[in-house]
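# Report on the structure
Take a look at the letters that make up each chain.
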Amino acid sequence: MAPTLLSSPLQGFTDFRFRNAFHHYFGGIDTFYAPYIRLQGKMVIKNSYQLDLAPENNSTLTIIPQVITNDPDEFVFVAKYVQSLGYKELNWNLGCPYPMVTKSGMGSGLICQPARIQEVLTKAHNETDIVVSMKMRMGYENATEILDTFPILDQFPLKSIAIHARIGKQLYKGPVDLEAFEKCVTGTRHKLYYNGDITSVAAFKKIEERFPTIDHYLIGRGLIADPFLPNMIKNNTTTYPKDRWDIFMAFHNTIYQDYDAYLSGPTPIRMKMLGFWKYFAETTSQPQKTFKAIKKATNPNKYREAVSQIIRTEKRIQEG
């Protein structure tokens, strides 16, 4: 049976424009997590979040909204908002590793506070009927922090817990800790999803073989670096389609046009695409040279020419 694949939310990357283009050109993802809603003390849903979750912007996708908070009232407010749009599930982010989040006691910085986690989940389950799922790291300082939350989490009817097999302090550096993840598998009654360093079919197979009870996997940075990866995992193949670079170019042009229409001026779109190319370049034949060419393209015309040259080079290499 094919595994269930979910797109891990990445702030600044996996909004509805990216999701729709990805789904159209590549497929392979069963469910997309939307990047988290953060209220920052005001009970107001920003326009960018409203756009991202608007049903008309996600009509061909299965979406799960996400919230990042350590406040029970904020959680309930967001839960009721997403329910008003027709969503049945809200994912709670206890995974974000970035210091600006963790220092506020949110994301992976909240894992060491089981009592606060219990407070939020108690209010959520008492005052709403939304389905709650979790996205977590194994801790912020160390990988045993999550184990201390399981007795709390096991009190609630959570749909699932997606665990990125790193601690927050690592950010995205260093290896995933599969030994620590193994302790999680036997540490809770809840259904676990695996997340972390699924960057190739071979990497996926190693995880699948090591954890035979896991059948849901989140792909984050690996999905942006190689958009073909989810479908290749689903079809158990390492062979790219013959028109790989034509498909990629059509996808690239779609997101470029969509972001260009949304952002104002050449600098924001350049910075946006530069962010994507940090990942896209990883699966080209010469990652450093590719990214350098994109960085040097300082206006839209130079950028388009740089992308065309990269695609021509990759097609030539693929064709041998």
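Look up: the structure comes first, before these words.
Predicted model only: the values in this text are computed from it and were never measured. (Residues numbered from 1 in each chain as written. Predicted model: local features only at pLDDT ≥ 70, side-chain atom pairs only at ≥ 80, totals over all residues. Heavy atoms only, no water.)

### Re the overall build of the protein
Which entries qualify depends on this criterion: Secondary structure is summarised from DSSP: a helix means a run of H or I of at least four residues, a strand means a run of E of at least two, and numbering begins at the N terminus for each. We compute the radius of gyration over the C-alpha atoms and compare it with the globule rule, which gives 2.2 Å times the number of residues raised to the power 0.38. Each residue is placed in one exposure class: buried if its accessible area under a 1.4 Å probe, protein chains only, is under 20% of its type's maximum, exposed if it is over 50%, and partly exposed if it falls in between. We call two residues in contact whenever any of their non-hydrogen atoms come within 4.5 Å of each other. Accessibility throughout is a Shrake-Rupley quantity obtained with a 1.4 Å probe, and a residue counts as covered only by protein chains that appear here. Positive charges come from Lys and Arg, negative ones from Asp and Glu, while His and the chain ends are left out of the count. Note that the charge is assigned to NZ on lysines, CZ on arginines, CG on aspartates and CD on glutamates.
The helix and strand tally for the protein stands at 14 helices and nine strands. Rg of the C-alpha trace for the protein: 20 Å, near the compact-globule value of 20 Å for 320 residues, within the 12% margin. Its C-alpha atoms put the protein at 55 × 45 × 35 Å along the principal axes. In the protein, which comprises 320 residues, the share counted as buried stands at 53%. The contacts in the protein between residues at least 6 apart in sequence include a share of 73% that link residues at least 24 apart. Accessible surface computed for the protein: about 14700 Å², of which carbon and sulfur atoms make up 52%. Side chains of the protein carry 38 positive and 31 negative charges; the gap between the two charge centres is 7 Å.

### Considering the sheet that holds strand 2 (residues 31–33)
Cut-off, in case you're wondering: Strands qualify as paired when DSSP identifies two bridges or more between them.
As summarised here, the arrangement of the nine strands in space is 3-2-1-9-8-7-6-5-4, forming an open sheet in which the pairing is parallel. The strands lining the two open edges of the sheet, one partner per strand, are strand 3 (63–64) and strand 4 (66–67). Both strand 6 (residues 131–137) and strand 7 (residues 161–164) contribute to a ladder of four bridges, which runs parallel. Bridge assignment links methionine 134 to a residue of strand 7, and that residue is isoleucine 161.

### Some words on the pairing of strand 5 (residues 89–94)
Inclusion rule: Convention used here: a crossover is right-handed provided that the path from the first strand, over the helix, to the second strand proceeds clockwise when the strands point away from the viewer.
Burial analysis of strand 5 places six of its six residues in the buried class, which makes it a mostly covered element. Of the two faces of strand 5, the one holding Glu89, Asn91 and Asn93 and the one holding Leu90, Trp92 and Leu94 are both buried throughout. Crossover strand 4 to strand 5 through helix 3 (residues 72–84) is right-handed. Across six bridges, the pairing between strand 5 and strand 6 is parallel. Across the sheet, residue leucine 90 finds its bridge partner in strand 6, namely valine 132.

### Thoughts on the environment of alanine 2
Of note, alanine 2 is situated in the segment before strand 1 (4–7). When its relative accessible area of 43% is taken as the criterion, alanine 2 is described as partly exposed. Between the alpha carbons of alanine 2 and isoleucine 233 there is a distance of 8.4 Å; along the sequence they are 231 residues apart.

### Quick word on the packing of helix 5 (residues 114–127) against helix 6 (residues 145–153)
Note the threshold: In this analysis, axes come from line fits to C-alpha atoms, helices being fitted only over the stretch in contact, and the angle between any two N-to-C directions falls in the range 0 to 180 degrees. Should the near helix be turned counterclockwise from the far one by less than a right angle, the crossing is left-handed, whereas a clockwise turn marks it as right-handed. Gly is placed with the polar residues, together with every amino acid not listed as nonpolar (Ala, Val, Leu, Ile, Met, Phe, Trp, Tyr, Cys and Pro) or charged (Asp, Glu, Lys and Arg).
Running from N to C, helix 5 and helix 6 cross one another at 30°; their axes reach a closest spacing of 9 Å. Regarding helix 5 and helix 6, the two cross each other, and that crossing is right-handed. Contact with helix 5, carried on its side by Pro114, Ile117, Gln118 and Leu121, involves Asp148, Thr149, Ile152 and Leu153 of helix 6 and no other residues of that element. Looking at the contact of helix 5 with helix 6 residue by residue, the class counts come to five nonpolar, two polar and one charged.

### Some details on the packing of helix 12 (residues 266–280) against helix 13 (residues 287–296)
Two numbers describe a pair of packed helices, the interaxial angle and the distance between the axes. Note the following rule: In these notes the angle categories are as follows: under 35 degrees is roughly parallel, over 145 is roughly antiparallel, 65 to 115 is roughly perpendicular, and the rest is oblique.
The contact between helix 12 and helix 13 brings their axes to 10 Å, and the two run at 180°. It follows that helix 12 is roughly antiparallel to helix 13 by the angle criterion. Residue-level inspection shows Arg270, Leu274, Trp277 and Lys278 of helix 12 in contact with helix 13, the latter providing Thr290, Phe291, Ile294 and Lys295. Looking at the contact of helix 12 with helix 13 residue by residue, the classes come out as four nonpolar, one polar and three charged.

### Side note on the pattern of salt bridges
Using the following cut-off: In what follows, salt bridge is the name for a side-chain nitrogen of Lys or Arg lying within 4 Å of a carboxyl oxygen of Asp or Glu.
Using the criterion set out here, one finds 15 salt bridges in the structure. Across the salt bridge formed by lysine 159 and glutamate 89, the nearest N and O atoms sit 2.7 Å from each other. Of this pair, lysine 159 sits in the loop between helix 6 and strand 7 while glutamate 89 sits in strand 5, placing them 70 residues apart in sequence. For the salt bridge of arginine 312 with glutamate 305, the shortest nitrogen-to-oxygen distance reads 3.0 Å. By relative accessible area, which is 40% here, arginine 312 ends up partly exposed. Note on glutamate 305: relative accessible area 45%, which makes it partly exposed. Beyond isolated ion pairs, a larger network of salt bridges with shared partners links Asp73, Lys123 and Glu127.

### Examining the packing of aromatic side chains
Defined as follows: Ring geometry is summarised as follows: Phe, Tyr and Trp rings, the Trp one being its six-membered ring, pair when their centres sit within 6.5 Å, and such pairs are stacked at plane angles under 30 degrees, edge-to-face over 60 and tilted between the two. Look at NZ for Lys and CZ for Arg. If either is within 6 Å of the ring centre and within 35 degrees of the ring normal, a charge sits over the ring.
For the coordinates displayed, the defined rule picks out 26 aromatic pairs. Considering the side-chain rings of phenylalanine 276 and phenylalanine 280, the 5.7 Å spacing of their centres and the 10° angle between planes classify their relative orientation as stacked. Within this pair, phenylalanine 276 and its partner phenylalanine 280 are both found in helix 12, separated by four residues, close to a single helical turn. Taking relative accessible area as the criterion, phenylalanine 276 reaches 0% and is therefore assigned buried. Its end group placed over the ring of tyrosine 172, arginine 137 keeps NZ or CZ at 4.9 Å from the ring centre. Directly above the ring of tyrosine 240 sits arginine 244, whose terminal nitrogen or CZ lies 3.7 Å from the centroid.

### Topic: the nonpolar core
Note the threshold: Joining through side-chain atoms within 4.5 Å is the link that ties buried Ala, Val, Leu, Ile, Met, Phe, Trp, Tyr and Cys residues into a set, and such a set is a nonpolar core.
The biggest cluster of nonpolar side chains holds 93 residues, and the ones touching the most others in it are Trp92, Tyr194 and Trp277. Per element, the largest residue contribution to this core is eight residues, and it comes from helix 11 (residues 244–262). The residues touching tyrosine 194, leaving out its near neighbours within four places in the chain, are Ile163, Ala165, Val176, Leu178, Phe181, Ile207, Ile214, His216, Tyr217 and Leu218. Core analysis: the next-biggest nonpolar cluster, separate from the first, contains six residues, Leu6, Tyr33, Tyr193 and Leu218 among them.

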